[in-house]
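Overview (structure and organization)
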Amino acid sequence: MECEFPTVNSNKEEIKAIFEETKTIAIVGLSPNSEKASFKVAQYLQNNGFKIVPIYPKEDEILGEKVYRSLSEIPFSIDMIDIFRKPDAILKVVDEVIKIKDEKNIKSVWFQLGLANNEAAQNALKAGLKVVQNKCTKIEHNAIYS
């Protein structure tokens, strides 16, 4: 899949509202490698008061938090799903989010900088989720709160 131009996205006011209602962020594709963007973003979010929940196929712990293999395995509520996966994997992740959103109280999905999937974004919106595409949670949070 080629990189898409996001046709569905939140504006600055909506992004601020997302941060204000978010306490717990599941990070899909959080790498244990401290040089990777997902690790640096998760560390920033953690240092700024968010509880992070790593979703990764390996490892038992990243940044001091228990690692889960899938969103469905998480036994508590999650406010935001922050996705660090290739665009062609986003649809599958969002399908899982939609299935569990009520059970886990999920309010928003965020596709990191460089990532967009308009079909997944439309599906998320139709399911009542807020959507951010092609933006970095670290950059956006820092722009609002610094």
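Residues numbered from 1 in each chain as written. Predicted model: local features only at pLDDT ≥ 70, side-chain atom pairs only at ≥ 80, totals over all residues. Heavy atoms only, no water.

**Quick look at the UniProt feature "domain: CoA-binding" (unreviewed entry) in the chain**
- UniProt's entry tags residues 18-115 with the feature "domain: CoA-binding" (unreviewed entry), counted in the numbering of this structure.
- As annotated, residues 18-115 comprises 34% helix and 22% strand, and the C-alpha atoms at either end are separated by 18 Å. (UniProt positions renumbered as here; feature names shortened; annotations may be inferred. Helix = DSSP H or I, 4+ residues; strand = E, 2+ residues; numbered from the N terminus.)

**Quick word on the pattern of salt bridges**
- Inspection of the entire model under this criterion finds 7 salt bridges.
- One salt bridge in this structure joins E21 and K130, with 3.1 Å as the shortest N-O distance. Placement of the pair is E21 in helix α1 (residues 12-21) and K130 in strand β7 (residues 130-132), with a sequence separation of 109 residues.
- Residue classification places K130 among the partly exposed positions, given a relative accessible area of 32%.
- Across the pair D79 and K107 runs a salt bridge whose closest N-O atoms are separated by 2.7 Å. Of this pair, D79 sits in the loop between β4 (65-66) and β5 (80-83) while K107 sits in the loop between α3 (87-104) and β6 (108-111), placing them 28 residues apart in sequence.
- Take D79: its relative accessible area is 10%, and that puts it in the buried class.
- Residue classification places K107 among the partly exposed residues on the basis of a relative accessible area of 30%. (Salt bridge = Lys/Arg side-chain N within 4 Å of Asp/Glu carboxyl O. Buried < 20%, exposed > 50% of the residue type's maximum accessible area, 1.4 Å probe, protein only.)

**Some words on the environment of I144**
- The topology assignment puts I144 in helix α5 (residues 137-145).
- According to the relative accessible area criterion, I144 is partly exposed, its value standing at 28%.
- In this structure, the C-alpha to C-alpha distance between I144 and Q43, residues 101 residues apart in sequence, is 18 Å.

**Structural notes on unusual backbone geometry**
- One non-glycine residue, L63, adopts positive backbone phi at about 55°.
- Summarising the element assignment, L63 is placed in the loop between β3 (61-62) and β4.
- Positive phi values are uncommon outside glycine, yet N105 reaches one of about 60°.
- Looking at the element boundaries, N105 is found in the loop between α3 and β6.

**Overview of the nonpolar core**
- Of all hydrophobic cores here, the largest spans 25 residues; its most connected members are A26, L71, I74, I81, V97, V109 and F111.
- Elements supplying a minimum of two residues to this core: β1 (24-28), β2 (51-55), β5, α3, β6 and α4 (118-126).
- Of the residues forming this core, the biggest block, 5 residues, is contributed by α3.
- Membership of the second largest hydrophobic core comes to 21 residues, among which are F19, A42, V67 and V132. (Core = buried A, V, L, I, M, F, W, Y, C linked by side-chain atoms within 4.5 Å.)

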